[in-house]
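Reading the structure
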Amino acid sequence: MGTLSGLFAPDRIAVVGATDRDGSVGRAIMRNLQSGFDGTVLPVNPGRETVFGEPALDSVGDADADLAVVVVPPDAVVPVVREAGEAGVRSVVVITAGFGEAGTDGAARESELIEVATEYGIDLVGPNSLGIMSTPVGMNATFGPEDATPGGLSFMSQSGAFITAVLDWANEQGLGFNDVVSLGNKAVLDESDFVEAWGDDDGTEVVIGYLEGISDGDAFIRTARAVTPETPVVVVKSGRTDAGAQAASSHTGTIAGSEQAYEAGLDQAGVIRADSVQELFDAARVLEGQPLPDSDTVAVVTNAGGPGVMTTDAVGDSGLSMASLTDDTLEALSASLPAEGNIYNPVDVVGDADNDRFRSAVDVVLGDDSVGSVIVLACPTAVLDYEQLARDTVDLQADHGKPVAACLMGGARVDQAEDALSAAGIPNYFDPARAVYGLDTLAEYRSITEREYEAPAAFDVDRERAEDVLSSAVDRDNTRLGVEAMGLLDAYGIPTPDGEVVDTPEAAADVAARIDGDVVMKVVSPDILHKSDVGGVEVGVADGEVADTYADLVARARRYQPDATILGVQVQEMVDLDDGVETIVGMNRDPQFGPLVVFGLGGIFVEILADTTARVAPVSQPEAEAMTREIDAAPLLRGARGRDPVDVDATVETIQRLSQLVTDFPAILELDINPLVATPDGVAAVDVRLTVDPDQL
Ligand code: ADP
Ligand code: MG
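Residues numbered from 1 in each chain as written. Chains lettered and ligands numbered in written order. Predicted model: local features only at pLDDT ≥ 70, side-chain atom pairs only at ≥ 80, totals over all residues. Heavy atoms only, no water.

**A look at the overall build of the chain**
The line we're drawing: Note on conventions: DSSP H or I runs of at least 4 residues are helices, E runs of at least 2 residues are strands, and numbering of each starts at the N terminus. A simple rule labels every residue: compare its accessible area, found with a 1.4 Å probe on the protein chains alone, to the largest value its type can have, and call it buried under 20%, exposed over 50%, or partly exposed in between. In what follows, a contact means two residues having at least one pair of non-hydrogen atoms within 4.5 Å. Surface exposure here means Shrake-Rupley accessible area, sampled with a 1.4 Å probe, where a residue is shielded only by the protein chains that are shown. The charge count treats Lys and Arg as positive and Asp and Glu as negative. His and the chain ends do not count. For the purpose of locating charges, the reference atoms are NZ of Lys, CZ of Arg, CG of Asp and CD of Glu.
When you go through the chain residue by residue, the secondary structure sums to 25 helices and 30 strands. Relative to its full complement of 697 residues, the chain shows a buried share of 54%. A separation of at least 24 residues holds for 72% of the contacts in the chain among residues at least 6 apart in sequence. Summed over its atoms, the accessible surface of the chain is roughly 28,000 Å², and 45% of this surface lies on carbon and sulfur atoms. Here the chain contributes 41 positively and 121 negatively charged side chains, and the mean placements of these two sets differ by 3 Å.

As structure tokens, then:
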């Protein structure tokens, strides 16, 4: 193991605050370490002569330790860690609670702890951690009641209590662990550090995590991307923060909460997201035990019609599809199955099938090149021996090298068969949906291993002009900008229709005269969020009506909000909506992941339709392209019901240009282009709204 080897493969561990006092955490840790650790355990406690018969040291500085586990009272932690640092200890686990999670005093203490760890370059776990484990060196440096069984899973958890529950359960399930870490408050080391370390570690087959948040989304994406093609990472994430959504004053802000950010961020990191604890371990088990499929097609072999249909339904709901078997396979099956059987997928070997018939059908199907993976699905019958079926399944899986999941349904009668399967890394489930989930996860992971991350494009833009537009807003003491900031988009090469903001009816008429055909007029006010809600947009205004319309728009706005600051009226070229699709391209800043770029169906009903997708910026060309395919309305863009397809390339480019804009300017807190009208001839940003943080300009 490379990085963090001081934590997971130490020779000498000092337990600072070790004691044999009944019921204490210091005692529990000593006991757990003494019960199996390959190296030396050194109790440190100036108040005691011995701990469990070992002479106790006065100071961590006397221990010559690789790793210090600290269980002293909160006030003593920082001095102890400093002493450890001075003595050359570079790995520390702080078990003690009473830091960031405990009010302002605790937060101050945590800041000091971070300072000391940084000063000495200490890899520090916690504080407020249950501890860590590493089975290759027999180390259980936790105060939990359970030991981990050795195995290939490395597990990080933001909840220490959850670790003890998982270990208790996993031992019974035959799941084994390499390293386990209770992340605690993540003051220094966080999920990114462990993903990186485990990606480098031969003993880790699969990384699994229970996370409540991600400390630094950007770092996490970068780190995980380097690891996930080689080592699968599965995470269950709980807890939602509203920090981003609270202040939202744009459509994107309302749509793109932290949930979308996690969804997008984890996906971009190549991390598989489990929706429940069950999924987390189902995914972990199959990823550890089974090879990856060559394709997303699955075949089902069963002796029971009903469960076969259930399985087919579950496949339909997943990313997998039912394989269409080749003619050779169908021929072989029809030779070996009775007439009432079904040779098509799901293959039904019929309820009276004995082990031989079942086995030969599984063999034939596994040998079919059009089959990516196989589900062996059975109900108990008098002529079928489950243990034999399990042994056959294990042999055939090994022969063909394709992933297999088993559903030998039943209760106690399955136990022996299940053990045989599980020993060979084949998961067995009662519920076919879980078998499908497992194989679907393998297919998802295969696609992650095949990903090629492309660098985001760097378009030639006028950054200075964009900065001017933003600064001029600040001059007016105005943090919310509307169409008066159109120049910002133009500076970044995002097409906008011809138009101008003016502050007299006469000037409006002049602009309209310059523009071909009818125009659109919009009231411009930082106090009016959605202009059409207050009758502030007039579409198709003829030249002769421009001056009157100007007066109407201002009057309506005044009626709506008498004290509104009205900057004027925008006179804008008409965009042909008949052949166009109104889309939205926007950005909201997530506290963890940073700028989240959103694309979807736009117009005035965006929030109701909520047909959007998101990526953490910077967004590359393939990612932007994928976004245009992901929304439900994607067929509209590519020409549906006799309509011409819109210029998708221009849409994709706009997403990337917006991504570049919001990456270049952290001062832009949120931004909507709604609508970005996509037509067969290109795109036009007809409306823009953004919020700026003047302090960041
Ligand atoms: P708001 O979102 O503040 O109500 P918009 O500028 O987005 O204001 O205008 C509302 C709607 O009016 C748009 O969704 C679009 O349907 C239509 N619209 C606005 N500008 C134009 C334009 N230049 N050409 C055609 N239709 C437009
Ligand atoms: Mg709009």
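This is not the end of the story, as more comes after the structure.
**Some points on the site of ligand 1**
Formally: Residues are labelled near a given molecule or strand when at least one of their non-hydrogen atoms is within 4 Å of it. In protein, a polar contact requires one atom able to donate a hydrogen and another able to accept it; more generally it is a pair of N or O atoms within 3.5 Å, and residues adjacent in sequence count only if both atoms are side-chain atoms. Classes in brief: Ala, Val, Leu, Ile, Met, Phe, Trp, Tyr, Cys and Pro nonpolar; Asp, Glu, Lys and Arg charged; the others, Gly included, polar.
Every one of the 16 residues lining ligand 1 counts as a neighbour, but Lys-522, Lys-531, Ser-532, Val-575 and Glu-582 are closest to it. Within the backbone of Glu-573, a nitrogen or oxygen atom sits 2.9 Å from a nitrogen atom of ligand 1. A distance of 2.7 Å is found between an oxygen atom of ligand 1 and a side-chain nitrogen or oxygen belonging to Glu-582. Its free accessible area being 530 Å², ligand 1 has 92% of it covered by the protein chains. Of all the secondary structure elements, the ones that give two or more residues to the shell around ligand 1 are strand S22 (519-524), strand S24 (568-573) and strand S28 (668-679). Per-class residue counts for the shell around ligand 1 are seven nonpolar, four polar and five charged.

**Let's talk about the coordination of the magnesium ion (ligand 2)**
Note the cut-off: The rule for donors is simple: N, O or S, within 2.8 Å of the metal, or within 3.2 Å if the metal is Na, K or Ca. Water isn't counted, so a site may look like it is missing partners.
Each protein donor to the magnesium ion (ligand 2) is listed here as Asn-674 (O) and Asp-687 (OD); together their distances run 2.2 Å. One end of the pair, Asn-674, is in strand S28; the other, Asp-687, is in the loop between strand S29 (682-685) and strand S30 (688-692), and 13 residues separate them in sequence. As far as the burial class goes, Asn-674 and Asp-687 line up, both buried.

**Focus on helix H21 (residues 546-560)**
How we decide: One fewer than the residue count of a helix, multiplied by 1.5 Å, yields its expected span. Note that the arc is computed from the directions linking the helix axis to the C-beta atoms.
Under the 1.5 Å per step criterion, the end-to-end length of H21 is 21 Å for 15 residues, consistent within 8% with the ideal 21 Å. Taken together, the buried positions of H21 are occupied by Val-546, Thr-549, Tyr-550, Leu-553, Val-554 and Ala-557. For H21, the angular spread of the buried residues around the axis is 130 degrees, confining them to a single face. Opposite its buried face, H21 presents the exposed residues Asp-548 and Arg-559, each directed more than 90 degrees away. On its buried face, H21 is in contact with strand S21 (499-502), helix H20 (505-514), S22, strand S23 (537-541) and S24.

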